[in-house]
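Fold and geometry: a report
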Amino acid sequence: MRAYEYMAEKCVDLFTMDKLTLDIVDYANRHSRDGKDKQQLAQEMISVCWNANLIYYLADFSVHQAILVFGYYVYIRKELEKQRKKQESKSLHLGSLTLSLMKKTTLLALSRGVELGMGALGGAMGTLAKPGLGTLAGFNVGDSFAISLTDNLVSTSP
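Residues numbered from 1 in each chain as written. Predicted model: local features only at pLDDT ≥ 70, side-chain atom pairs only at ≥ 80, totals over all residues. Heavy atoms only, no water.

1. Quick word on the overall build of the protein chain
A count of helical and extended segments in the protein chain gives 6 helices and 0 strands. Reading the helices (α) and strands (β) of the protein chain from amino to carboxyl end gives α-α-α-α-α-α. Scored against the burial criterion, the 158 residues of the protein chain give a buried share of 31%. The long-range fraction of contacts in the protein chain, counting pairs at least 24 apart against all pairs at least 6 apart in sequence, stands at 71%. (Helix = DSSP H or I, 4+ residues; strand = E, 2+ residues; numbered from the N terminus. Buried < 20%, exposed > 50% of the residue type's maximum accessible area, 1.4 Å probe, protein only. Contact = heavy atoms within 4.5 Å.)

Structure representation (structure tokens):
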């Protein structure tokens, strides 16, 4: 059994899997050749770009979240080890660490959502200019613009 057959049988239906794995360049080219109006195609490309790139952004968020949680785990372990060596009774304030982790997680999720949304809007604008490669270029420009706006927010949060 092939991997995609297993996924289709066990996890998601074929319609959902197809929406999540679309090639936005081919989709825009195909529908443009079929005579679809650029305005209508651009509106459609917002959801197509969103769905086609959702898996990537969720994977990116998951990896960054795992790194973040592991960093907190290592920090807490080192702090507890220091306390054991010095035999201090000062306790580690887990509430503030948890709050900090939740804040960073929220900012990370917000930044990835903004990047995905701006990329989808950029893909639609690129489709207005030139369906196909314009869609890809527009998505990348929108995504890059959103990264430049949100990366500083995520990386400098305490």
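Structure's up, so let's keep going.
2. Remarks on helix α3 (residues 24–33)
For the α-helix, the turn length of 3.6 residues means that residues three or four positions removed from each other point alike. Residues Ile 24, Val 25, Tyr 27, Ala 28 and His 31 constitute the buried set of α3. In an axial view of α3, the angular spread of the buried residues amounts to 165°, which keeps them on one side of the axis. Taken together, the buried residues of α3 touch α4 (38–86) and α6 (133–155). Remark: Gly 35 follows α3 within two positions and exhibits a positive phi of approximately 95°. (Arc of directions from axis to C-beta.)

3. Concerning the packing of α4 against helix α5 (residues 94–129)
Put simply, α4 and α5 touch, their axes get as near as 7 Å, and they point 155° apart. Overall, the two elements α4 and α5 adopt an arrangement that is roughly antiparallel. Classified by chirality, the crossing of α5 by α4 is right-handed. (Axes fitted to C-alpha atoms, helices over the stretch in contact; angles between N-to-C directions. Parallel < 35°, antiparallel > 145°, perpendicular 65-115°, else oblique. Left-handed = near helix turned anticlockwise from the far one by under 90°.)

4. Overview of the packing of α3 against α4
Packing of α3 against α4 brings their axes to within 10 Å, and their N-to-C directions diverge by 155°. In terms of orientation, α3 lies roughly antiparallel with respect to α4. Here the hand of the crossing between α3 and α4 comes out right-handed. Mapping the contact onto sequence places Ile 24, Tyr 27, Ala 28, His 31 and Ser 32 in α3 and Leu 41, Glu 44, Met 45, Val 48, Cys 49 and Ala 52 in α4. Class assignment of the residues belonging to the contact of α3 with α4 gives a composition of 8 nonpolar, 2 polar and 1 charged. (Nonpolar A, V, L, I, M, F, W, Y, C, P; charged D, E, K, R; others polar.)

5. Focus: the side chain of Gln 83
Looking at the secondary structure, you find Gln 83 in helix α4. Excluding residues that lie within four positions of it along the chain, Gln 83 makes contacts with Glu 88, Lys 90, Ser 91 and Leu 92.

6. With respect to the pattern of salt bridges
In total, this model carries 5 salt bridges according to the counting rule given. Salt-bridge contacts for Arg 112 lead to Asp 60; the nearest nitrogen and oxygen are separated by 2.5 Å. Here Asp 60 lies in helix α4 and Arg 112 lies in helix α5, a separation of 52 residues in the sequence. Taken individually, Arg 112 and Asp 60 each receive the classification buried, so the pair is uniform in this respect. For Glu 79, the salt bridge goes to Lys 82, with nearest N and O atoms at 3.4 Å. Here the residue Glu 79 and the residue Lys 82 both occupy positions in helix α4, the gap between them amounting to 3 residues, near one helical turn. Sharing partners across several salt bridges, the network here consists of Asp 60, Arg 112 and Glu 115. (Salt bridge = Lys/Arg side-chain N within 4 Å of Asp/Glu carboxyl O.)

7. Some points on a nonpolar patch on the surface
Taken together, the side chains of Ile 46, Leu 121 and Met 125 make up a nonpolar region of the molecular surface, amounting to roughly 280 Å² of accessible area. Residue classification places Leu 121 among the partly exposed residues on the basis of a relative accessible area of 40%. (Patch = residues over 30% accessible without salt bridge, like charges linked within 9 Å, V, L, I, M, F, W, Y side chains within 5 Å. Areas by Shrake-Rupley, 256 points an atom, 1.4 Å probe, with all protein chains shown as cover.)

8. Let's talk about the packing of aromatic side chains
In this structure the tally under the stated criterion is 2 aromatic pairs. Residues Tyr 56 and Tyr 57 carry aromatic rings whose centres are separated by 5.0 Å and whose planes lie at 80° to one another, so their mutual orientation is edge-to-face. Tyr 57 sits in the buried class, given a relative accessible area of 4%. (Phe/Tyr/Trp six-rings, centres within 6.5 Å; stacked < 30°, edge-to-face > 60°.)

Fair warning: the whole summary comes from geometry, so function is off the table for now.
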